[in-house]
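# What the coordinates show
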Amino acid sequence: MVVGMAIFAIEDAFVKAAAVTLPVGQILIMFGLGGAFIFACVIKLNDDPLFVREVVSRSMLVRVFFEVVGRLFYVLAIALIPLSAATVILQATPLVVVAGAALIFGEKVGWRRWTAIILGLIGIVIIVQPGTDSFSMLSILAVVGMIGFAGRDLASRAAPASLSTWILGLYGFLSIILAGVLVSVWQATLYVQPNFEMSLYILGAVLAGVCAYSCLMKAMRTGEVSAVTPFRYTRLLFGIALGIALFGEQLSHSMMVGSALIVISGLFILWRGKHAKKYEIDINGQRISDQ
């Protein structure tokens, strides 16, 4: 999990570096094509079909929509605001997922976890600083991207269980191509011939994205979810470190306070969820097991 988060941060750095020269839409298209090609090769090596009927199910269509929203706005955020700020805001995704699971799937979330969710969202407000001179509308891009990723994760939970992680990865990258086409049409941008350096950045982003996704899936499928999930927050440390080292970014007081609230809230929600699973409660509210 830690290795995966480090590589995801490297992917973001490659994308931000490429965005200096290349249009965002073109980056998304090239990135999506590269990732989709690799996942398609993996699927064929496993002798699995590239298309199954479940791919066009309602939950998968919803997943594609949120994937497009998440990727599009998050890449725009990476290109236009500091990498460290975009990475920090992204860490609020688990908070929104828990809130969405309660509101959409009816999962039980007690007042303690709702309090943690609210504190985490306050952390985002502290980072974005609406109504102050430091506020930038561009920060909203990262917030919308984060909401898109949370919607994608929620839709993934409702996706047919028969779909492999490789199929999900393939169609996730195909969704990125769609996002790139949409932003290219909206911005009316023409194709820019990438030089050797920019081509290496895109190739690095593709390879990093596939490797990071593989590490993430390996961690989630072989380790105890409650044990490995907290280590997702190490992406924040890697993102901030790369932002400072490669792009000369600086951490503000508000960003440090907001980051602390988001991480503490997320870790508390994970701990509380694990703690709640230790007990089974009968209809009368009596504890029937304590393991």
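Residues numbered from 1 in each chain as written. Predicted model: local features only at pLDDT ≥ 70, side-chain atom pairs only at ≥ 80, totals over all residues. Heavy atoms only, no water.

## Quick notes on the environment of W271
For the record, the criterion: Working definition: helices are DSSP H or I runs of at least four residues, strands are E runs of at least two. Numbering for both runs from the N terminus. Any residue under 20% of the maximum accessible area for its type is buried, any over 50% is exposed, and the rest in between are partly exposed; the area is computed with a 1.4 Å probe on protein chains only.
Inspection of the secondary structure assignment puts W271 in helix α12 (residues 253-276). For W271, a relative accessible area of 47% gives the class partly exposed. Through-space distance from the C-alpha of W271 to that of P230 is 8.9 Å; in sequence the pair is 41 residues apart.

## Section: the confidence of the model for the protein chain
Rules: Scored from 0 to 100, pLDDT reflects the predictor's confidence in each residue. We call two residues in contact when some of their heavy atoms are within 4.5 Å.
This prediction gives the protein chain a mean pLDDT of 85; 90% of its residues lie at or above 70. Averaged pLDDT values over the elements of the protein chain bottom out at 41 in strand β2 (residues 287-290) and peak at 94 in helix α1 (residues 2-18). Confidence drops under pLDDT 50 across residues 280-285; counting only partners more than four residues distant or on other chains, this segment forms seven contacts.

## What about the environment of A9?
Summarising the element assignment, A9 is placed in helix α1. For A9 and M198, which are 189 residues apart along the polypeptide, the C-alpha to C-alpha distance reads 18 Å. Those residues in contact with A9, other than ones at most four positions away along the chain, are R235, F238, G239 and L242.

## Details of the UniProt feature "domain: EamA" (unreviewed entry) in the protein chain
Our working rule: UniProt positions are given in the numbering used here, feature names are shortened, and annotations may be inferred rather than shown by experiment.
Following the UniProt record, the feature "domain: EamA" (unreviewed entry) maps to residues 2-128 and 140-270 here. End C-alpha to end C-alpha, residues 2-128 measures 27 Å, and it is 79% helix and 0% strand.

## Brief notes about the side chain of S59
Among the structural elements, S59 can be located in helix α3 (residues 58-80). Apart from the residues within four sequence positions on either side, S59 is in contact with A155, A158, A159 and P160.

## Digging into the packing of aromatic side chains
Stated formally: By convention, a stacked pair of Phe, Tyr or Trp rings (six-membered ring in the case of Trp) has centres within 6.5 Å and planes under 30 degrees apart, an edge-to-face pair has planes over 60 apart, and any other such pair is tilted.
Counted under the stated rule, the structure contains eight aromatic pairs. Seen in terms of ring centroids, F39 and F173 are 5.5 Å apart; in terms of plane orientation they differ by 40°. Their pairing is tilted. With F39 in helix α2 (residues 24-45) and F173 in helix α8 (residues 165-187), this residue pair connects regions lying 134 residues apart in the sequence. Centre to centre, the rings of Y74 and F149 are 5.8 Å apart; their planes meet at 70°, and the pair counts as edge-to-face. Linking Y74 in helix α3 with F149 in helix α7 (residues 139-158), this pair joins segments that are 75 residues apart in sequence.

## Observations regarding a nonpolar patch on the surface
The condition that has to hold: Patch criteria: residues need more than 30% relative accessible area and no salt bridge. Like-charged residues are merged within 9 Å; nonpolar side chains of Val, Leu, Ile, Met, Phe, Trp and Tyr are merged within 5 Å. The accessible surface values rely on the Shrake-Rupley method and a 1.4 Å probe; as for residues, cover is taken only from the protein chains in view. The term salt bridge refers to a pairing of a side-chain nitrogen on Lys or Arg with a carboxyl oxygen on Asp or Glu at a separation within 4 Å.
Taken together, the side chains of F196, L200, L203 and L207 make up a nonpolar region of the molecular surface, amounting to roughly 420 Å² of accessible area. Within the secondary structure, L200 sits in helix α9 (residues 196-222).

## So, the pattern of salt bridges
Applying the stated criterion across every chain, the model contains five salt bridges. Among the salt bridges present, the one from E11 reaches R71, with a minimum N-O distance of 3.3 Å. With E11 in helix α1 and R71 in helix α3, this residue pair connects regions lying 60 residues apart in the sequence. Taken as a pair, E11 and R71 share a single burial class, namely buried. Between E67 and R71 there is a salt bridge, and its shortest N-O distance comes to 3.3 Å. Linking E67 with R71, this pair stays in helix α3, spanning four residues, or about one helical turn. For the pair E67 and R71, one class covers both residues: buried. One network of salt bridges, in which partners are shared, links E11, E67, R71, R152 and D153.

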